[in-house]
Every structure is written in C-alpha cells, then in structure tokens.
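Read off the chains here:
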Amino acid sequence: RQPEFVHRSTTQIIHQPVYIFRLLGPEGELTENCTLITENWLAMLQSFQEITMSLKEQLTQDTITASKAGDGKKRDALRMMQAAIKQIEIDDRVTLDDAGVIQVLTKQAKQRRESIAEYTKAGRDDLVGQEAYELGVIEAYLPQLMSREEIEVLVKQAIADSGATSAKDMGKVMKATQARLTGKT
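Here's a quick rundown of the structure. (Residues numbered from 1 in each chain as written. Predicted model: local features only at pLDDT ≥ 70, side-chain atom pairs only at ≥ 80, totals over all residues. Heavy atoms only, no water.)

**Topic: the environment of D161**
Threshold: Secondary structure elements follow DSSP: runs of H or I of four or more residues count as helices, runs of E of two or more count as strands, with numbering from the N terminus. Between buried and exposed lies partly exposed: a residue is buried under 20% and exposed over 50% of the maximum accessible area for its type, with that area taken using a 1.4 Å probe on protein chains only.
Examined against the element boundaries, D161 turns out to sit in helix α6 (residues 148-162). Residue D161 is classed as exposed on the basis of its relative accessible area, which comes to 58%. Along the primary structure D161 and K172 are separated by eleven residues, whereas in three dimensions their C-alpha atoms are 9.6 Å apart.

Have a look at this one:
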C-alpha cells in the first residue's frame, strides 16, 4: 500500500498541524483514510515513501540533491541517465517500470565500458576518466551482479534437475538455468 498525501491543516483542539493522507492498495484503490498529528509521523511517512520510490523517482530525487549540493559532474551524469530513459519512453511510447529502467541503464553501462576501452586504446585518459565516473554512477543504480560461483551452482542444479547427460541436452539445461536466473543479474 502506498500513501498519497491529501492536505495539511491545523486543528483548533490540539493546535498542531494535522496531515491527512490516503493509503492506496496495489491497484490504486482507496483502502484507508488516515490522519497524522505530529511532525515525527510525517517524517516517518516520508521515509516510507523513499523506501517505495521507483528507480526513475530516485534518479530525479538524486539529481535534485546533486544540484543543491553543487555537484555538477554527478548531476550531469544523472541527467544523461534520465535522458536515455526518456528517449526510450518517447520512442517506444511506453512508461518504463523499474525492470525497463534497469535494461536502459545496463545498456548505458555497456556503452561506457566500450567507450573506456576505445579511449584507452587512443590514449585519451581525460575521456577515460569521464566515462569511468559516469559508469560508476550508472552502476550505483544497477542490481548487484551474481558471482561466477553462484552461477556455476545454479547451472549444476539445472543439469541435475534436467537429467542432462550429453551436449544434446544443452537446450534443457539452458531453459532451466534461464528460469532460475530470471530477475537476477
């Protein structure tokens, strides 16, 4: 359930601000009307909203924070990420969810890695530094990659579960492995 802020007013009885919000269900339906009386409760509500914030909202919030802090380099990297996401949304006429945003950021990270390799070959250390910084910012928003050992364990389990005995059974093993790896990176 996600809270939706409605309005703030001051009561005559307790002379403190009263915050009224609605709790929305997974489909956006109203589940409860609630009233918060103190500033502490409002802070708790805001921290709850930060926890449930989408990746696009987090990027926007971090861009604002970087701008206020005067960190132009990080702000520019975050804006570049937002521009790439917005470009996909406009081109495909869709609104990306977190999974779609992760796909876009993964593509951006891959482009940065390739650029770093090319700039290194060309001896452009100044551009390598810029691309490496942007790659670091992008990777901060990507999920943690699985280690080689974790992947090997999953593949061995898939081989055992599918009963594969030869290279002919590779399709079965791949299908089982992909099913296990869905949602993990």
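**With respect to the packing of aromatic side chains**
Where we set the bar: Classification of ring pairs rests on two measures: the distance between centres of Phe, Tyr or Trp rings, Trp counted by its six-membered ring, which must be within 6.5 Å, and the angle between planes, read as stacked under 30 degrees, edge-to-face over 60 and tilted in between. As a reminder, the over-ring test applies to NZ of lysine and CZ of arginine, requiring each to be within 6 Å of the ring centre and within 35 degrees of the ring normal.
This model, assessed by the stated rule, comprises zero aromatic pairs. Its end group placed over the ring of Y133, K73 keeps NZ or CZ at 4.6 Å from the ring centre.

**Quick look at the packing of helix α4 (residues 98-122) against helix α5 (residues 125-139)**
Packed helices, taken two at a time, are described by the angle their axes make and the gap between the axes. Heads up, the rule is: Note on geometry: axes are C-alpha line fits, over the in-contact stretch for helices, and angles between N-to-C directions span 0 to 180 degrees. Each angle is binned into one of four classes, with values under 35 degrees roughly parallel, values over 145 roughly antiparallel, values of 65 to 115 roughly perpendicular, and all other values oblique. Left-handed describes a crossing whose near helix is turned anticlockwise from the far helix through less than a right angle; right-handed describes the clockwise counterpart. What makes two residues a contact is simply this: any of their non-hydrogen atoms within 4.5 Å. Residue classes follow a fixed rule: Ala, Val, Leu, Ile, Met, Phe, Trp, Tyr, Cys and Pro count as nonpolar, while Asp, Glu, Lys and Arg count as charged, and any other residue, Gly among them, counts as polar.
One way to put it is that α4 packs onto α5 with a least axis distance of 9 Å and a crossing angle of 160°. Taken together, the axes of α4 and α5 are roughly antiparallel relative to one another. Here α4 and α5 pass one another in a crossing that is left-handed. Counting all contacts with α4, which are made through L105, Q108, A109, R112, R113, S115, I116, Y119 and T120, the residues of α5 involved are L127, V128, E131, A132, E134, L135, I138 and E139. In terms of residue class, the contact of α4 with α5 is made up of nine nonpolar, three polar and five charged.

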